[in-house]
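Residue-level listing of the chains:
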Amino acid sequence: MISQSAHAKLIIALDVDTKQKALELVEALAGVPGMFKIGSQLFTAAGPDIVREVIKKGAKIFLDLKFHDIPATVAAAGVEATRLGVSIFNIHASGGGEMMKRTAAAVSECAEREGLSRPKVIGVTVLTSSDAIELDQVGISRSPGDQAVLLAQLASDNGMDGVVASPEEISLVRSAAVTSDFIIVTPGVRPAGSEKNDQKRVMTPAEAIARGADYLVVGRPILSAADPESAAENIVREISDGMKASAEAAQ
Ligand code: C5P
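So, here's what we can say about the structure.

Rules of the game
Residues numbered from 1 in each chain as written. Predicted model: local features only at pLDDT ≥ 70, side-chain atom pairs only at ≥ 80, totals over all residues. Heavy atoms only, no water. Helix = DSSP H or I, 4+ residues; strand = E, 2+ residues; numbered from the N terminus. Rg over C-alpha atoms; globule rule 2.2 N^0.38 Å. Contact = heavy atoms within 4.5 Å. Areas by Shrake-Rupley, 256 points an atom, 1.4 Å probe, with all protein chains shown as cover. Near = heavy atom within 4 Å. Polar contact = N/O pair within 3.5 Å; in protein donor to acceptor, adjacent residues only side chain to side chain. Nonpolar A, V, L, I, M, F, W, Y, C, P; charged D, E, K, R; others polar. Pairing = 2+ DSSP bridges. Axes fitted to C-alpha atoms, helices over the stretch in contact; angles between N-to-C directions. Core = buried A, V, L, I, M, F, W, Y, C linked by side-chain atoms within 4.5 Å. Buried < 20%, exposed > 50% of the residue type's maximum accessible area, 1.4 Å probe, protein only. Expected span 1.5 Å × (residues − 1). Left-handed = near helix turned anticlockwise from the far one by under 90°. Salt bridge = Lys/Arg side-chain N within 4 Å of Asp/Glu carboxyl O.

As a further point, take the overall build of the chain. Counting its secondary structure elements, the chain contains twelve helices and eight strands. Its C-alpha radius of gyration of 17 Å places the chain within 12% of the 18 Å reference for a compact globule of 251 residues. Judged by the C-alpha coordinates and their principal axes, the chain covers about 45 × 40 × 40 Å. Of the contacts made within the chain by residues no fewer than 6 positions apart, 69% connect residues no fewer than 24 positions apart. Total accessible area computed for the chain in this model is approximately 11400 Å², and 50% of it derives from carbon and sulfur atoms.

The following block contains the structure:
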């Protein structure tokens, strides 16, 4: 028997190019993940209406637009994400402390003033497609792990509810003086034996959960599967195994 809390940890990325494909997936996969993720591709193709429609179907949304701009602009975009009714949205932690602090405050004020639920705001640390060579090309000489920890600490100090972090960075981020309810959302997850695609730092669902991820974001291993529903169910099973392993380890 797979618990609801295992389902709740899976976020499926709706990385498709039309509203119709997205809604078909939401219907086919309803009840399997705890949330669907809408990112730049679908949002640019279908607009904010797709967010409203998926929410109307009873699903929760992680809006993955990775805002990065001057503080006033990101704070204003955060207010609109709150009005859309998303459960989580993200901003680049590398945009700086002031940008994160002002966004967190604007979101809280808007939710209170307008009687809305407050989304969790999380910081993006280092993209899971980036490795040390790529960081070096943009002038960052720290290792991806050290950079992720630095940004997670900055995010935590400036009102973020959590971070997006690659599987390898979960333990480092957890131990980096952040509160125990700081959430870690982890992409770059691949079931054993599947394609890595362009993700460079990957881990299986069970391993990522055992290391302390709160949510796993999975796209292509589900969307490209011949049977997306059973691929998603298998991942939930792996999440459940990871949860059992960490519960046993804690005893
Ligand atoms: O298809 P795949 O499972 O690699 O999809 C991962 C999803 O997570 C993509 O939508 C990607 O944009 C997103 N993501 C990521 N790395 C981050 C943040 C988000 O891969 N650091």
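Structure's up, so let's keep going.
So, about the site of the ligand. The environment of the ligand is made up of 16 residues, and the closest members are D15, K37, R190, G219 and R220. Between G219 and the ligand, the recorded distance is 2.8 Å, taken from a backbone N or O atom to an oxygen atom. Coverage of the ligand by the protein amounts to 88% of the 470 Å² it exposes when considered alone. For the shell around the ligand, the secondary-structure elements that each account for two or more residues are strand 3 (61–67), strand 8 (215–218) and helix 11 (220–223). Split by residue class, the shell around the ligand holds seven nonpolar, three polar and six charged.

Overall, parallel pairing links the eight strands, which are arranged 1-2-3-4-5-6-7-8 in a closed barrel. When strand polarity is set aside, the average angle formed by the axes of neighbouring strands in this sheet is 25 degrees. Here five bridges tie strand 4 (residues 88–92) to strand 5 (residues 120–124), and the two strands are oriented parallel to one another. Residue pairing in the sheet places H92 in a bridge with V124 of strand 5.

L10, F36, I38, V54, L63, F89 and I91 are the most contacted members of the largest nonpolar core, which has 56 residues in total. Excluding its chain neighbours within four sequence positions, the residues that come into contact with I38 are L14, F43, I50, V51, V54, I61, F62, L63 and D64.

Right, let's talk about helix 6 (residues 97–114) for a bit. Helix length check: helix 6, at 18 residues, gives a terminal C-alpha distance of 26 Å against a target of 26 Å (1.5 Å per residue), a fit within 8%. The complete set of buried residues in helix 6 reads G97, M99, M100, T103, A104, A106, V107, C110 and A111. Against the buried residues of helix 6 lie strand 3, helix 5 (71–84), strand 4, strand 5 and helix 8 (144–157). Of the residues flanking the end of helix 6, it is G115, one or two places downstream, whose phi is positive at about 65 degrees.

Another point: helix 12 (residues 228–250). In this model helix 12 runs 33 Å from its N-terminal to its C-terminal C-alpha over 23 residues, within 8% of the 33 Å that 1.5 Å per residue would give. Of the positions making up helix 12, those classed as buried are A231, A232, I235, V236, I239, S240 and G242. On its buried face, helix 12 is in contact with helix 1 (4–8), strand 1 (10–13), helix 2 (19–29), helix 10 (205–210), strand 8 and helix 11.

Moving on, we come to the packing of helix 5 against helix 6. Contact pair helix 5 / helix 6: the axes reach a minimum separation of 8 Å and the direction vectors enclose 35 degrees. The handedness of the crossing between helix 5 and helix 6 is right-handed. Residues P71, A72, V74, A75, G78, V79, T82 and R83 of helix 5 pack against E98, M99, R102, T103, A106, V107, C110, A111, R113 and E114 of helix 6. Among the residues forming the contact of helix 5 with helix 6, the class breakdown is ten nonpolar, three polar and five charged.

Turning our attention to the pattern of salt bridges. What the rule picks out here adds up to twelve salt bridges. For R83, the salt bridge identified is with E80, shortest N-O distance 3.1 Å. Linking R83 with E80, this pair stays in helix 5, spanning three residues, or about one helical turn. For R83, a relative accessible area of 42% gives the class partly exposed. Looking at E80, the relative accessible area reads 42%, which means it is partly exposed. One continuous salt-bridge network, built from bridges that share partners, spans E80, R83, R113 and E114.

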